[in-house]
Amino acid sequence: GVALLKMEESGIPIEHRPEMWRLKNARPCRAEVRVKLTADCVASVQAWMAKPPDNVSIMDSSICNADRISILFHFKDADSFLQQNQHLSVFVADFTFETNQQSLVLGGIGPAGLRSGGSQKPGVRMLPTHFLLSRKEDKESQMTLFKAFAAAAHCNGIRLSHGFADCACMEGIQAVIESDPGLQHVQVHRCLHHTK
């Protein structure tokens, strides 16, 4: 009915208007679902790795092939940020799903601190400095991401003290801490944001 009124207001002649039964039976078409092949995924990710954005640095240990995708990268300004904020010894780590067309998971880790300003309530802010794209969030991916961040923190004079992560991420981080005597002082806590 609304469509016919708009056609009448627009001055469309009656012979050019559809019959009422056609308007009532019109249904929007379903979107065409395209299955993305593994080769498409690998090719598009390799293209991104070949020419990443100007401020992104992909680490040499990254792997991208049909069997495994594990792309470790960080922002080029990450080291200078860590050097300027050596007092931030607390970090947050998490993996997020459904962030890209290739259905890869994106892990992020970085320092966190308490931000207070004026009349606002204080709040925790986290700046992810290191990232990992992977097919799935497994222990190996969690360990790879944490090792890269811990190495960068150490190189920039930060002595990590506490970390916050969900249960899955905690396993990988805890495994690295237990195997590295230089990190055994780090306490890992369950992130309350993930508590249901």
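Overview of the structure. Just so we're clear, the structure is a prediction, and the values are computed from it rather than from any experiment.

Attention now moves to the pairing of strand β3 (residues 69-75). Both faces of the sheet carry side chains from a regular strand, because those side chains alternate between them. Across the 7 residues of β3, 6 count as buried, placing the element largely inside the fold. Pairing analysis gives 3 bridges linking strand β1 (residues 56-58) to β3, with the strands arranged antiparallel. Following the sheet pairing, Ile-58 is matched in β3 by Phe-73. The sheet contact formed by strand β2 (residues 63-64) and β3 spans 2 bridges and is antiparallel. The residue bridging Ile-63 from the neighbouring strand is Ser-70, located in β3. With antiparallel pairing between neighbouring strands as the criterion, β2 and β3 make up a hairpin whose turn holds 4 residues. As judged from the 5 bridges shared by β3 and strand β7 (residues 130-134), these two strands associate in the antiparallel manner. Across the sheet, His-74 pairs through a bridge with His-130, a residue of β7.

What follows deals with the nonpolar core. Of all hydrophobic cores here, the largest spans 25 residues; its most connected members are Phe-91, Ile-109, Phe-146, Leu-160, Ile-173, Ile-177 and Leu-183. For this core, the secondary-structure elements that each account for two or more residues are β4 (90-96), β5 (105-115), α5 (139-155) and α6 (167-179). The element that contributes the greatest number of residues to this core is α5, accounting for 7 residues. Setting aside residues no more than four positions away along its own chain, Phe-146 makes contact with Phe-91, Ile-109, Leu-160, Ile-173, Val-176, Ile-177 and Leu-183. In terms of nonpolar packing, the next biggest core, distinct from the first, is built from 10 residues, Val-42, Val-56, Ile-71 and Leu-133 among them.

About the criteria used
- Residues numbered from 1 in each chain as written.
- Predicted model: local features only at pLDDT ≥ 70, side-chain atom pairs only at ≥ 80, totals over all residues.
- Heavy atoms only, no water.
- Buried < 20%, exposed > 50% of the residue type's maximum accessible area, 1.4 Å probe, protein only.
- Helix = DSSP H or I, 4+ residues; strand = E, 2+ residues; numbered from the N terminus.
- Pairing = 2+ DSSP bridges.
- Core = buried A, V, L, I, M, F, W, Y, C linked by side-chain atoms within 4.5 Å.
- Contact = heavy atoms within 4.5 Å.

Treat this as a map of the structure, not an account of what it does.
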